[in-house]
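# Notes for the structure review
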Amino acid sequence: MSTDAAGRITSWHPNPAVPRFVPPPGAVDAHCHVFGPMADFPFSAQAKYLPADAGPDMLFALRDRLGFARNVIVQASCHGTDNAATLNAIARSAGAARGVAVVDPAITDGELEALHDGGIRGVRFNFLKRLVDNAPKDRFLDIARRIQSLGWHVVIYFEADILEELRPFLDAIPTPIVVDHMGRPDVAQGPGGADMTAFRALLDSRDDVWTKVTCPDRLEEPAGPPWDRFVTAVRPLVEDYPDRVLWGTDWPHPNMQDAVPDDGALVDIIPRIAVTPELQRKLLVTNPATLYWPEERSFSL
Ligand SMILES: O=C(O)/C=C(\CC(=O)C(=O)O)C(=O)O
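So, here's what we can say about the structure. (Residues numbered from 1 in each chain as written. Predicted model: local features only at pLDDT ≥ 70, side-chain atom pairs only at ≥ 80, totals over all residues. Heavy atoms only, no water.)

### A short note on the overall build of the chain
A count of helical and extended segments in the chain gives 11 helices and 10 strands. In summary, the chain has a C-alpha radius of gyration of 18 Å against a globular reference of 19 Å for 301 residues, a match within 12%. Overall, the chain is about 45 × 45 × 40 Å in size when its C-alpha atoms are taken along their principal axes. Scored against the burial criterion, the 301 residues of the chain give a buried share of 56%. (Helix = DSSP H or I, 4+ residues; strand = E, 2+ residues; numbered from the N terminus. Rg over C-alpha atoms; globule rule 2.2 N^0.38 Å. Buried < 20%, exposed > 50% of the residue type's maximum accessible area, 1.4 Å probe, protein only.)

### What about the pattern of salt bridges?
Overall, the coordinates contain 20 salt bridges when judged by the stated rule. Between Glu159 and Arg184 there is a salt bridge, with its nearest N and O atoms 3.6 Å apart. Of the two residues, Glu159 is situated in the loop between β7 (153–157) and α5 (163–172) and Arg184 in the loop between β8 (177–179) and α6 (194–205); the sequence distance between them amounts to 25 residues. By relative accessible area, which is 16% here, Arg184 ends up buried. Linking Arg200 and Asp240 is a salt bridge whose minimum nitrogen-to-oxygen distance equals 2.8 Å. Taken together, the residues span a long stretch of sequence, with Arg200 in helix α6 and Asp240 in helix α8 (residues 228–240) at a distance of 40 residues. Here the salt bridges share partners, and the residues they tie into one network are Arg124, Asp180 and Lys212. (Salt bridge = Lys/Arg side-chain N within 4 Å of Asp/Glu carboxyl O.)

### Description of the pairing of strand β6 (residues 120–126)
Of all the seven residues making up β6, seven are buried; the element is thus mostly covered by neighbouring parts of the structure. A crossover links strand β5 (residues 97–101) with its parallel partner β6, the connecting element being helix α3 (residues 109–117), and its sense is right-handed. Pairing of β6 with β7 involves five bridges; the strand directions are parallel. What sits directly across from Gly122, in β7, is His153. In the classification by handedness, the crossover that spans β6, the intervening helix α4 (residues 137–147) and the parallel β7 is right-handed. (Right-handed = clockwise from strand over helix to strand, strands pointing away. Pairing = 2+ DSSP bridges.)

### Some words on the sheet that holds β7
Here we have eight strands laid out as an open sheet, ordered β3-β4-β5-β6-β7-β8-β9-β10, and parallel in their pairing. Pairing within the sheet leaves two strands with one partner each, and these edge strands are β3 (28–32) and β10 (245–246). With three bridges joining them, β7 and β8 adopt parallel strand pairing. Each residue of the ladder has a partner; that of Val154, found in β8, is Ile177. Against the sheet, helix α2 (residues 84–91) contacts β4 (70–74), β5 and β6, and its axis sits at roughly 165° relative to β5. (Contact = heavy atoms within 4.5 Å. Axes fitted to C-alpha atoms, helices over the stretch in contact; angles between N-to-C directions.)

Structure representation (structure tokens):
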């Protein structure tokens, strides 16, 4: 745990291990964030946490250390609906990053197009009450309809206990949907537990619902490796939905200051949930490219 005199939280490992697992060429870390730097990109007045700076240079150094080629940078709630920090990181990546924005429902079509030009390929709807004050479903649906023509998708973050309540809303979204961290199931229930069963019902309801098989550090208590319950619960999901899963570090691990995960150890989970080279290639290369670099679809699938 580390909080400085100004109350700014450091939630990432100071010296992550180089993983034993070597990701395939072109691997994408499809869920990560940047924080600031605050002097250039101040945090939102509504932010629920105040992080230390974790900017693009740190993110790209981690990417290289872990053996990844590209990033998908997801706008974190601490930056509200001002996507400037995310856009700055994408711009500095030399084509090696794309992003997911959080937008004000009043955003204009011209502003959405500018985000597209800046490398954004989706919008995130966050339903975690500890992170955002309100989540207006009707206005979110309006955004979802408006991003269709851009070829974007919706990224949704919710916890398992509201999945049933969210179903009519999810069913009405006309774009592909990517669910963050599998909708936060209780992995201790195992692969056939109530949370995973309800989540599979969502995946089975339409073939354009994807998910990130991410965050053992958030989903398994007590914290820390070897994350066996996460592996037991998640490996069957990767095997049953191999074309609709994504993976990411979640660096710089917002709010995780009490149990900062080692990103190298997180990478070493990958071969335990995606046990063949083919599953690993889909999870890390083909699937994220389909959503975030669709213009490359001509590469061999
Ligand atoms: O980054 C994540 O995936 C999870 C988060 C932070 C977050 O989503 C945000 O700040 O927008 C969390 O559970 O605190």
